[in-house]
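Inside the fold
Here is how the chains run, residue by residue.
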Amino acid sequence: VSFPPDTALARVDELADPCAIVVRSETDFYASLIVTRRGDHIAAFRNKCPHAGYPLQRADGRIVVQEGRYMVCGGHGASFTLDDGACAGGPCNGDGLERVAIIIRDGAIYIA
Ligand code: FES
């Protein structure tokens, strides 16, 4: 696993509402996760689009959030819900993001 246990991915109070951010592994340059927030709902996903396997961020490192509830892949525009990563349109063709289980402890988000 590229994210050692007990590594905080982010602090809840640092997450904009809504947001989808990229969290990079400190031990594996190529590994990253997506952490999303919409209201009180926080989730994490593998940063790998089911369309062609790209990470979702654009060249500037950001993931586009649309209508307050979708994240859009910078590759070819597939969109996924912030809440559960389900395909919401575009070339994901019904395939969603792979969810990563998290726990929130003392205001920080950890892989479960
Ligand atoms: S790789 Fe994400 S839409 Fe193509």
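One can find the structure itself at the top, above this paragraph.
Quick summary incoming for the structure in this document. Residue indices follow the written sequence of each chain, beginning from 1 at its first position. Two thresholds apply to this predicted model, a pLDDT of at least 70 for residue-level local features and 80 or more for giving and counting side-chain atom pairs, whereas whole-chain, interface and lining totals are computed over all residues. The side-chain figures draw on all heavy atoms in the structure; neither hydrogens nor water molecules are used.

**Here we look at the pattern of salt bridges**
Worth spelling out the cut-off: We define a salt bridge as a side-chain nitrogen of Lys or Arg found within 4 Å of a carboxyl oxygen belonging to Asp or Glu. Per-residue accessibility, obtained with a 1.4 Å probe over protein chains only, is compared with the maximum for each type, and a residue is labelled buried under 20%, exposed over 50%, and partly exposed between these values.
On inspection of all chains with the given rule, the structure shows four salt bridges. Note that Asp13 and Arg11 form a salt bridge whose closest N and O atoms lie 3.8 Å from each other. Taking the relative accessible area as the measure of exposure, Asp13 reaches 61% and is therefore exposed. Between Arg46 and Glu98 there is a salt bridge, with its nearest N and O atoms 3.3 Å apart.

**Here's the deal with empty space enclosed by the protein**
If a probe the size of a water molecule is rolled over the atoms, the empty space left behind becomes visible. Just so we agree on the cut-off: Here a cavity means grid points, on a 1 Å grid over the protein atoms only, where a 1.4 Å probe fits yet cannot get out; a pocket means an open set of points with protein on both sides within 12 Å along at least five of seven lines; lining residues are those with an atom within 4 Å of a point. Grid points are joined across faces, edges and corners, and a volume is the space filled by probe spheres set on the points. Residues are grouped as follows: Ala, Val, Leu, Ile, Met, Phe, Trp, Tyr, Cys and Pro are nonpolar; Asp, Glu, Lys and Arg are charged; every other residue, Gly included, is polar.
Going through the model one piece at a time under the given rule, you end up with one cavity of 30 Å³ or more. In terms of lining, the largest cavity is formed by Cys49, His51, Ala52, Gly53, Tyr54, Cys73, Gly75, His76 and Ala78. Its residues placed into classes, the lining of the largest cavity shows five nonpolar, four polar and no charged.

**Notes on the state of the cysteines**
Applied cut-off: Criterion for a disulfide: a pair of cysteine sulfur atoms at a distance within 2.5 Å.
Enumeration according to the criterion identifies one disulfide in this entry. Across the disulfide from Cys87 sits Cys92; the S-S distance is 2.2 Å. Torsion about the S-S bond of the Cys87 and Cys92 cystine: about 75°, corresponding to right-handed handedness. Under the relative-accessibility criterion, Cys87 is labelled partly exposed at 22%.

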